Amino acid sequence: MAQIDAFDIFILGAVLVGTLAYFTKGTLWGKQRSAASLIGKSNDTSAASIATRSIITKLQESDRDVVVFYGSQTGTAEDYASRLAKEGHSRFGLKTMVADIEEYDLEDLDTFPEGKVAIFVMATYGEGEPTDNAVTFYEFITGEDPSFSEMEDPEQPLKNLKYVAFGLGNNTYEHYNAVIKRLDEALLKLGAKRIGEVGMGDDGTGTMEEDFLSWKEEMWAEFANHVGIQERESVYEPALKVEEKAELTIQDANVYLGEFNKAHLHGIESAPFLPHNPYIAPITSCRELFKSDSRNCLHVEIDLEDSNLKFTTGDHIAVWPHNSDKEVDRFLSVLGLTAKRNDVIHVTPIDPTTKVPFPNPTTYDTVARYHLEICGVVSRQFLASLAAFAPSEEAKTEIAKLGNEKDYFSEVVTSRYLNIAQVLANISGGAAWSSVPFSLIIESINHIQPRYYSISSSSYVDKTKPHITVVVESIPTTADADPLKGVASNYLLDLKYKQEGIKNPSPSAVSYTTDGPRGRYAGNKIPVHIRHSNFKLPSNPATPIIMVGPGTGVAPFRGFVIERAAQAAAGVPVGTSLLFFGSRNRTEDFLYSEEWDTLGEKLGEKFKLITAFSRQGPEKVYVQHRLVENAQLVNKLLQHGAYFYVCGDASRMAKDVSASLAKIIAQQRGIAEEQGEEIVKSMRAQNLYQEDVWS
């Protein structure tokens, strides 16, 4: 009998681990990995601060009066939660903490101490859905019969809970701010007592920030009166400590230069690939779709073969961008940090309930390049907080005016799409704001977020190589300011030109450090993860579908039609696929024009494409007009059980399409328009009307 040595045992163990990995997809160890270990936090205090999943225990251990929960998809709700917590402490002396709602089990809310308050800042995502991090809590609290820990009073288990509520939504969606409305209704039903009115910010009107600012002033007045506290002089008290580490350099292996976590730091990629642990994916193809000298739209193909990431047709892929070299330089310069950009810093929480939003030790350059939304919307409240650190009295007066006067701020900042570095440079005449604590910068500017793109290919055809369709954002502002550049889309455009070895001919082109930290993205790689969507084809391929997708809204429908064509080629009976596509001009931006004829040949009479080119005739024609022109066909398909899909702009197009469909149903069926609207609502409720839209 052969002897088994240590090496054999090692190999057997490796096989066992690999087998478990394959069949469990990492779930056995995935539940044991803490958030801190996953994103590579380098301090024990932060890791300990989320060790308990009981918010009651956490409040007691940390001696907090107020907890601000957030449900956030893009980072805005998290930012508002942080601002409320800081303001509660600085203005009223409250002992506050911010809490990611998915990090706590809230079945013990029925034991919430009487003297404490919970604030809920909750975004509504998609069609009235909670954000990814709020799903578990939301489904629990709005369920028919939530079961709490003690249930001393089954009728009103949350009678001790006092709460404040603010929602983030978009009025172009049918279920505007549905999450905060339903949460408020559920809490009141369970006996909780609300302080003040429910606040609602509207991204659809572009007033989210001002909605929040006006609401919070009224809320704080009611809060102070209810709790019996007095406002004090507001001063900045850092929650984070930033230390420069002269003994470390960027050559040290333990210094983070943009890596997401410890595994990435050491050049190791391991599943599961999630938002805090994305897969560094190769781009296998990136080509231009527009035939225009002034605009760009990219078709990008991404290779997930070695990742074990799964997607299905209609899902989204998240691309993690970073900031351009020009904007990083501008940002560091205005803060007087250019000479220190590669100095190593170590960031630790002063307040044990505060989390450091990135792994460290790191550098000033890394924080600006990979971790902060330095090109994002500027907060008027943040500007006001910088007045104390202005480089001159003139700058102090000007920034205070911008922070306090809404209309003036809108005229000088918002209407010109200025970012924080541009605003500060304009105020000071280029003088550096070197007195601004870097801790305040980290605490006040949103953490950079992934950009989500609808997958424009079919998993039925290729399960490992999703495609995306990306219009490159470059919006003219004013004569004395740079165009507003989309961070992710211009990152991908720069990758394309570098891949081709060609210089971007645009005079406003921006360049990125596309090789990534320590060259880990070399070879045209980008960090990605998959976000699953409810925007899906019918389970029965024979069901007809109607698709409305102008511009890049056609992306998921390219995947839908490719899938139907492949199914038909395989002998699967498929239903009619009717696609309405719109763009400016047939010769410049007719996306995938060369593909539709080929797909039509494969599907025959089961595919029909109807186009609307808004700038190619005497009058502007949009997809909603073509929808009405084809009312009889649309109604016939609906009466045969067709699913109706809309993808693209939410602010006008999606609303107009919905209204047009209601009119079509009413006119074609000889019923009142109100009845047509009710039928559309019923279609939505039955998932027969699906939207994948953005503002």
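What you see is a predicted model, and the numbers here were worked out from it, not measured in a lab. (Residues numbered from 1 in each chain as written. Predicted model: local features only at pLDDT ≥ 70, side-chain atom pairs only at ≥ 80, totals over all residues. Heavy atoms only, no water.)

A. Molecular detail of the overall build of the protein. Summing up its helical and strand segments, the protein has 25 helices and 23 strands in all. Relative to a compact globule of 695 residues, whose C-alpha radius of gyration would be 26 Å, the protein shows 27 Å and is just as compact. When the backbone C-alpha atoms are referred to their principal axes, the protein occupies close to 80 × 70 × 65 Å. Burial statistics for the protein: of 695 residues in total, 53% are counted as buried. The long-range fraction of contacts in the protein, counting pairs at least 24 apart against all pairs at least 6 apart in sequence, stands at 77%. Summing over all exposed atoms, the protein offers an accessible surface of approximately 31,100 Å²; the carbon and sulfur share of this is 50%. Averaging the coordinates of the 68 positive side-chain charges in the protein and doing the same for the 94 negative ones gives two points 4 Å apart. (Helix = DSSP H or I, 4+ residues; strand = E, 2+ residues; numbered from the N terminus. Rg over C-alpha atoms; globule rule 2.2 N^0.38 Å. Buried < 20%, exposed > 50% of the residue type's maximum accessible area, 1.4 Å probe, protein only. Contact = heavy atoms within 4.5 Å. Areas by Shrake-Rupley, 256 points an atom, 1.4 Å probe, with all protein chains shown as cover. Lys, Arg positive; Asp, Glu negative; His and termini not counted. Charge placed at Lys NZ, Arg CZ, Asp CG, Glu CD.)

B. Geometry of helix H23 (residues 631–639). Restricting attention to buried positions, one finds in H23 the residues Ala631, Val634, Asn635, Leu637 and Leu638. Buried residues along H23 cover an arc of 160 degrees about the axis, so they all sit on one side. Turned more than 90 degrees away from the buried face of H23, the exposed residues are Gln632, Lys636 and Gln639. Looking at the buried side of H23, the elements it contacts are strand S19 (545–548), strand S20 (577–583), helix H22 (623–629), helix H24 (653–669) and helix H25 (673–685). Just beyond H23, the residue with positive phi is glycine 641, at close to 85 degrees. (Arc of directions from axis to C-beta.)

C. Molecular detail of the packing of helix H6 (residues 76–92) against helix H9 (residues 208–227). Relative orientation of the contacting elements H6 and H9 amounts to 40 degrees, with a least axis distance of 12 Å. Accordingly, the angle class assigned to the pair H6 and H9 is oblique. In the crossing of H6 with H9, the sense of the turn from one axis to the other is right-handed. Judged by residue contacts, Tyr80, Arg83, Leu84, Glu87, Gly88, Arg91 and Phe92 of H6 engage Met208, Glu209, Phe212, Leu213, Trp215, Lys216, Glu217, Met219, Trp220 and Ala224 from H9. (Axes fitted to C-alpha atoms, helices over the stretch in contact; angles between N-to-C directions. Parallel < 35°, antiparallel > 145°, perpendicular 65-115°, else oblique. Left-handed = near helix turned anticlockwise from the far one by under 90°.)

D. Structural view of the environment of serine 506. Along the chain, serine 506 falls in the loop between helix H18 (487–500) and strand S18 (525–531). On the basis of relative accessible area, serine 506 is assigned to the partly exposed category, the value being 30%. In the structure, serine 506 is positioned 212 residues away from serine 294 in sequence and 8.0 Å away in space, judged by C-alpha atoms.

E. Quick peek at the sheet that holds strand S9 (residues 279–288). If you walk across this open sheet you meet the 6 strands as S14-S11-S18-S9-S10-S15, and the pairing is antiparallel. Each of the sheet's edge strands pairs with one partner strand only, and the pair in question is strand S14 (451–454) and strand S15 (467–471). Averaged over all pairs of adjacent strands, the angle between their axes in this sheet comes to 40 degrees, without regard to strand direction. When strand S11 (residues 316–319) meets S18, the two strands line up antiparallel, connected through 4 bridges. Note that in S18 the partner of valine 319 across the bridge is valine 528. The strands that H18 touches are S9, strand S10 (297–302), S14, S15 and S18; relative to S9, the one it contacts most, it runs at about 75 degrees. (Pairing = 2+ DSSP bridges.)

F. Highlighting unusual backbone geometry. With an omega of 0 degrees, the peptide bond running from alanine 271 to proline 272 counts as cis. Note that proline 272 resides in the loop between helix H10 (262–265) and S9. Of note in this structure, aspartate 63 is not a glycine but carries a positive phi near 55 degrees. With phi around 70 degrees, asparagine 308 is a residue other than glycine that occupies positive phi space.

G. Seen up close, the packing of aromatic side chains. Inspection of every chain in the model, using the stated rule, returns 27 aromatic pairs. For the pair tryptophan 220 and phenylalanine 223, a centre-to-centre distance of 5.4 Å together with 70 degrees between the ring planes defines the contact as edge-to-face. With tryptophan 220 and phenylalanine 223 both in helix H9 and 3 residues apart, this pair spans about one turn of that helix. Each of the two residues, tryptophan 220 as well as phenylalanine 223, counts as buried. For the pair tyrosine 364 and phenylalanine 438, a centre-to-centre distance of 4.9 Å together with 85 degrees between the ring planes defines the contact as edge-to-face. Taken together, the residues tyrosine 364 in helix H12 (residues 364–371) and phenylalanine 438 in helix H17 (residues 438–444) connect sequence positions 74 residues apart. For the pair shown, tyrosine 364 and phenylalanine 438 are each scored as buried. (Phe/Tyr/Trp six-rings, centres within 6.5 Å; stacked < 30°, edge-to-face > 60°.)

The analysis is restricted to geometry; functional conclusions fall outside its scope.
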